[in-house]
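Chains, contacts and geometry: an overview
Here is how the chains run, residue by residue.
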Amino acid sequence: MAEYTFFTHPMSRGQIARWALHEADADYEQALVTWEDRPAALLSANPLGKVPTLIHHAPGGDRVITECAAICAYLAKGELAPTEEERADFFRWLFFTAGPIEQGVTARHLGYEPKDPRARASVGFGDIDVALSMLEAHLGTHGWVCGERFTLADVYVGSQVAWGLQFGTFPKAPAFVAYSERCAEREAYKAAKAIDDALIAKLQQES
Ligand SMILES: N[C@@H](CCC(=O)N[C@@H](CS)C(=O)NCC(=O)O)C(=O)O
């Protein structure tokens, strides 16, 4: 049995987890999910039926990891993990992107962005333009989330930036574009993307 079971759909956030699995050179077996028919093993691990859902068949027993950001943090070991000095940037920007940034751009995209200052004070992203500009400023002055070295936080942040640029929910700021291009040069990114692109092409042929 592989060390990880990876529930995914190629047209989903599962792409983030696959990239992380390839960066970590993890031994994984994919379990492809259709939206109409979620396997019982997925629903038992994650009753929301969401992907990605990862099961680590650890020596002490199975462990379930959901949430792309958590999957990136979980797989971050050795060179892919932050050093003591890098931990603040690693956790700050990983959580900031998974929480305020993702919620903020989604709220705006769906037309739920609060305008009232009292409502803004209670949502985690506050003013989404300010939140985006904070991330832009960080990536404009650092090669990677933790400075001049790639870590698994870049898989999550880089994926959000790439999707934001692709779907127009992030501004086409030079710092975001350049960072996204750096991420796309990663061999693990290319390998993971090739797998999902081939699966997507197959699904489209079948439909
Ligand atoms: N917070 C989760 C979100 C996962 C999520 O919403 N996945 C979507 C696909 S991108 C999904 O499984 N949607 C199917 C559904 O909810 O029925 C994460 O970061 O992994």
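This is a predicted model, so every value here is computed, not measured.

Let us now look at the site of the ligand. In the vicinity of the ligand, the contacting residues are Ser12, Arg13, Trp35, Arg38, Lys50, Val51, Pro52, Glu67 and Cys68. One of the backbone N or O atoms of valine 51 is found 2.8 Å from a nitrogen atom in the ligand. Between the ligand and cysteine 68, the relevant distance is 3.0 Å, taken from an oxygen atom to a main-chain nitrogen or oxygen of the residue. For the ligand, the accessible surface in isolation is 510 Å², of which the surrounding protein chains cover 74%. Grouping the amino acids of the shell around the ligand by side-chain chemistry returns four nonpolar, one polar and four charged.

Put simply, an interface is often sized by how much accessible area is lost when its parts join up. Structurally, the protein comprises domain 1 (4–77) and domain 2 (82–188). In this structure, domain 1 and domain 2 have C-alpha centres spaced 22 Å apart. In this complex, domain 1 contributes 14 residues to the contact, which on the side of domain 2 involves 15 residues. Looking only at domain 1, the three residues that lose the most surface to domain 2 are Ile16, Trp19 and Glu23, adding up to 47% of its buried area. The interface formed by domain 1 and domain 2 includes two salt bridges. Glutamate 23 is the salt-bridge partner of arginine 186, the closest N and O atoms lying 2.9 Å from each other.

You can see serine 12 is positioned in the loop between β1 (4–8) and α1 (14–23). We classify serine 12 as buried; its relative accessible area is 11%. A polar contact of 2.6 Å, which involves the side chain of serine 12, links it to the backbone oxygen of histidine 9.

Further remarks concern helix α6 (residues 128–141). Over its 14 residues, α6 extends 20 Å from the first C-alpha to the last, a length consistent with the 20 Å expected when each residue adds 1.5 Å. Among all positions in α6, only Ile128, Ala131, Leu132, Leu135, His138 and Leu139 are buried. Around the axis of α6, the buried residues are gathered within 125° of arc, so they sit on the same side. Turned more than 90 degrees off the buried face of α6, the exposed positions are Gly140 and Thr141. Considering only its buried residues, α6 is in contact with α4 (87–109), α7 (153–167) and α8 (174–184).

α1 sits mainly inside the fold: eight of its ten residues count as buried. Looking at α1, one finds that the buried residues are Gly14, Ile16, Ala17, Arg18, Trp19, Ala20, Leu21 and Glu23. With its phi angle positive at about 50°, aspartate 25 sits one or two positions after the end of α1.

Attention now goes to the packing of α1 against helix α3 (residues 68–75). Two elements in contact, α1 and α3, have axes separated by 9 Å at closest approach and are oriented at 5°. As summarised for this structure, α1 and α3 are arranged roughly parallel, according to the angle between their axes. Taking contact as the criterion, the partners of Ile16, Ala17, Ala20 and Leu21 in α1 are, on α3, Cys68, Ile71, Cys72 and Leu75. Classifying every residue of the contact of α1 with α3 gives eight nonpolar, no polar and no charged.

Attention now moves to the pattern of salt bridges. Evaluation of the coordinates by the stated rule reveals 14 salt bridges. We note a salt bridge from glutamate 206 to lysine 202, for which the minimum N-O separation is 3.6 Å. Here glutamate 206 pairs with lysine 202, and both are found in helix α9 (residues 187–206), just four residues apart, close to one helical turn. When salt bridges with common partners are traced through the structure, they connect Arg108, Glu113, Lys115 and Asp129 into a single cluster.

Procedures and definitions
- Residues numbered from 1 in each chain as written.
- Predicted model: local features only at pLDDT ≥ 70, side-chain atom pairs only at ≥ 80, totals over all residues.
- Heavy atoms only, no water.
- Near = heavy atom within 4 Å.
- Polar contact = N/O pair within 3.5 Å; in protein donor to acceptor, adjacent residues only side chain to side chain.
- Areas by Shrake-Rupley, 256 points an atom, 1.4 Å probe, with all protein chains shown as cover.
- Nonpolar A, V, L, I, M, F, W, Y, C, P; charged D, E, K, R; others polar.
- Domains from an automatic or database assignment.
- Contact = heavy atoms within 4.5 Å.
- Buried area = accessible area lost by both parts, 1.4 Å probe.
- Salt bridge = Lys/Arg side-chain N within 4 Å of Asp/Glu carboxyl O.
- Helix = DSSP H or I, 4+ residues; strand = E, 2+ residues; numbered from the N terminus.
- Buried < 20%, exposed > 50% of the residue type's maximum accessible area, 1.4 Å probe, protein only.
- Expected span 1.5 Å × (residues − 1).
- Arc of directions from axis to C-beta.
- Axes fitted to C-alpha atoms, helices over the stretch in contact; angles between N-to-C directions.
- Parallel < 35°, antiparallel > 145°, perpendicular 65-115°, else oblique.

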